[in-house]
Amino acid sequence: MILLTIGLLVFLAGHLVTARRQLRARLIANYGENAYKGVYSLIAFIGLALVVIGFVRYRSAGYIPVWAPPGWTRHVALTLMPFSFLAIAAAYAPRGRIAGVLKHPFLVGIKIWEIGRAHV
């Protein structure tokens, strides 16, 4: 599990450099675009390899329950699902009141679904 976590951190840390545009531009200016891409690819590959190896070791060790939600939260999920479906359907319907109020109905529907899914 530790190897999986380290792999995720390495992979995400490498990708955070891309999100920081000024840092990325400075690295490209200092080392060149090809060197930047090579090091970036190497870091991403190492992170991905650690994730895969860590996941294989996790699976071979057996299931490790990280969190078990309480039983009553199933009702929360079942209550939220119709609202999620309604919001997602409003995203593809002609512009109406629901889409006007929600601004991004598909995104709202996915968020509601995820909140409900987290409690199952």
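Owing to the predicted nature of the structure, the values given are computational and were not obtained by experimental measurement. (Residues numbered from 1 in each chain as written. Predicted model: local features only at pLDDT ≥ 70, side-chain atom pairs only at ≥ 80, totals over all residues. Heavy atoms only, no water.)

Points about the packing of aromatic side chains
Per the counting criterion, the structure on display carries 3 aromatic pairs. With a centroid separation of 5.9 Å and an interplanar angle of 20 degrees, the aromatic rings of Tyr 36 and Tyr 40 are classed as stacked. Taken together, the residues span about one helical turn, with Tyr 36 and Tyr 40 both in helix H3 (residues 33-61) at a distance of 4 residues. Residues Tyr 92 and Phe 106 carry aromatic rings whose centres are separated by 6.0 Å and whose planes lie at 80 degrees to one another, so their mutual orientation is edge-to-face. With Tyr 92 in helix H4 (residues 73-92) and Phe 106 in helix H6 (residues 105-117), the pair connects residues that are 14 residues apart, well separated along the chain. With relative accessibility at 36%, the residue Phe 106 sits in the partly exposed group. (Phe/Tyr/Trp six-rings, centres within 6.5 Å; stacked < 30°, edge-to-face > 60°. Helix = DSSP H or I, 4+ residues; strand = E, 2+ residues; numbered from the N terminus. Buried < 20%, exposed > 50% of the residue type's maximum accessible area, 1.4 Å probe, protein only.)

Re unusual backbone geometry
In most cases, non-glycine residues show a negative phi, while peptide bonds are predominantly trans. Even without being glycine, Lys 103 reaches a positive phi, approximately 65 degrees. For Lys 103, the location among the structural elements is in the loop between helix H5 (97-102) and H6. Using a relative accessible area of 57% as the deciding quantity, one classes Lys 103 as exposed.

So, a nonpolar patch on the surface
Judged by side-chain polarity, Met 1, Ile 64, Val 66 and Trp 67 come together as a nonpolar surface patch covering roughly 440 Å² of accessible area. When you line up the elements, Trp 67 lands in the loop between H3 and H4. (Patch = residues over 30% accessible without salt bridge, like charges linked within 9 Å, V, L, I, M, F, W, Y side chains within 5 Å. Areas by Shrake-Rupley, 256 points an atom, 1.4 Å probe, with all protein chains shown as cover. Salt bridge = Lys/Arg side-chain N within 4 Å of Asp/Glu carboxyl O.)

Concerning the pattern of salt bridges
On inspection of all chains with the given rule, the structure shows 1 salt bridge. The partner of Lys 37 in a salt bridge is Glu 33, with the nearest N and O atoms 3.0 Å apart. Here Lys 37 pairs with Glu 33, and both are found in helix H3, just 4 residues apart, close to one helical turn.

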